[in-house]
Amino acid sequence: MERTYQVTYACDSLDPKPVVKTFNLFDEMQDWITEEVEQRVQWFVDHSPYSISEKERSDQEQVEYSLVQIKEI
C-alpha cells in the first residue's frame, strides 16, 4: 500500500493560508521540508538588521520546524 504525505507549512502560528503540498515519497517530502526550512532561516538571517549568532539561527530553525505539520493521507 502506497503512502501519501500531506505537509502543511505555515509562515507563523496564525497563518490563514499555509503552504500545503502532497508527496508520494517520504524522502521527497523530507528533502522539500529541509530545503524550505533552510530558505526561510536564510531569509531571516539575510534580513535581520543585527548579526545572528549560531544559537539564534538554531532557535529560528526550531521555530520553522514547529510550523510544519505532516499527515498521512
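In this convention, every chain numbers its residues from 1, walking through the sequence in written order. Only residues with pLDDT of at least 70 get local features here, since the model is predicted, and only at 80 or more are side-chain atom pairs given and counted; chain-wide, interface and lining totals rely on the full set of residues. Side-chain numbers here rest on the full set of heavy atoms in the structure, without hydrogens or water.

Colleague: With reference to specific residues and values, describe the pattern of salt bridges.
Modeller: Between Lys or Arg on one side and Asp or Glu on the other, a salt bridge is scored when a side-chain nitrogen of the former is within 4 Å of a carboxyl oxygen of the latter. In total, this model carries five salt bridges according to the counting rule given. In this structure, arginine 40 and glutamate 64 form a salt bridge, with 3.9 Å as the shortest nitrogen-oxygen distance. Here glutamate 64 lies in helix H2 (residues 54–66) and arginine 40 lies in helix H1 (residues 26–47), a separation of 24 residues in the sequence. The exposure class assigned to arginine 40 is buried, which follows from its relative accessible area of 18%. Via salt bridges that share partners, Glu36, Arg40 and Glu64 belong to a single interconnected network. Note on conventions: DSSP H or I runs of at least 4 residues are helices, E runs of at least 2 residues are strands, and numbering of each starts at the N terminus. A simple rule labels every residue: compare its accessible area, found with a 1.4 Å probe on the protein chains alone, to the largest value its type can have, and call it buried under 20%, exposed over 50%, or partly exposed in between.

Colleague: Before we move on, could you go through the packing of H1 against H2 and cite the residues and values that matter?
Modeller: Angular values range over 0 to 180 degrees, each being the angle between N-to-C directions of two axes fitted as lines to C-alpha atoms, with helices fitted over their stretch in contact. H2 packs onto H1 with a crossing angle of 130° between their chain directions and a minimal axis gap of 9 Å. Considered as vectors, H1 and H2 are oriented oblique to each other. The two elements H1 and H2 cross, and the hand of that crossing is right-handed. The segment H1 lies against H2, with Ile33, Thr34, Val37, Glu38, Arg40, Val41, Gln42, Phe44 and Val45 engaging Arg57, Gln60, Glu61, Glu64 and Tyr65. When residues are grouped by polarity, Ala, Val, Leu, Ile, Met, Phe, Trp, Tyr, Cys and Pro land in nonpolar, Asp, Glu, Lys and Arg in charged, and all others, Gly among them, in polar. Within the contact of H1 with H2, the residues separate by chemical class into six nonpolar, three polar and five charged. For this classification, under 35 degrees means roughly parallel, over 145 means roughly antiparallel, 65 to 115 means roughly perpendicular, and everything else is oblique. Helix crossings fall into two classes, left-handed where the near helix is turned counterclockwise from the far one by less than a right angle and right-handed where it is turned clockwise. We call two residues in contact whenever any of their non-hydrogen atoms come within 4.5 Å of each other.

Colleague: Give me the packing of aromatic side chains: which residues, what numbers.
Modeller: Between 30 and 60 degrees the pair is tilted, below 30 it is stacked and above 60 it is edge-to-face, where a pair is any two Phe, Tyr or Trp rings, Trp via its six-membered ring, whose centres lie within 6.5 Å. Inspection of every chain in the model, using the stated rule, returns three aromatic pairs. Centre to centre, the rings of tyrosine 5 and phenylalanine 26 are 5.7 Å apart; their planes meet at 70°, and the pair counts as edge-to-face. Here the residue tyrosine 5 occupies a position in strand E1 (residues 5–9), and phenylalanine 26 occupies one in helix H1, the gap between them amounting to 21 residues. In this structure tyrosine 5 comes out as buried when scored by relative accessible area, which is 10%. Each member of the aromatic cluster is reached from another via a ring pair, and the members are Tyr9, Phe23 and Trp32. For a lysine, the NZ atom is tested; for an arginine, the CZ atom; a charge sits over a ring if that atom is within 6 Å of the ring centre and within 35 degrees of the ring normal. One Lys or Arg, arginine 40, reaches over the ring of tyrosine 9 and ends 3.5 Å from the middle of that ring.

Colleague: For the sheet that holds E1, give the residues involved together with the corresponding values.
Modeller: Two strands qualify as a pair provided DSSP detects at least 2 bridges between them. Read from one edge to the other, the open sheet built from three strands follows the order E2-E1-E3, with strand pairing classed as antiparallel. Of all the strands in the sheet, the pair left with one neighbour each is strand E2 (19–23) and strand E3 (68–72). Ignoring strand direction, the axes of neighbouring strands in this sheet form an average angle of 20°. Both E1 and E3 contribute to a ladder of five bridges, which runs antiparallel. Directly across from valine 7, in E3, lies its bridge partner isoleucine 70. H1 rests against E1, E2 and E3 of the sheet, and its axis sits at about 10° to E1.

Limitation: the analysis is restricted to geometry and does not speak to function.
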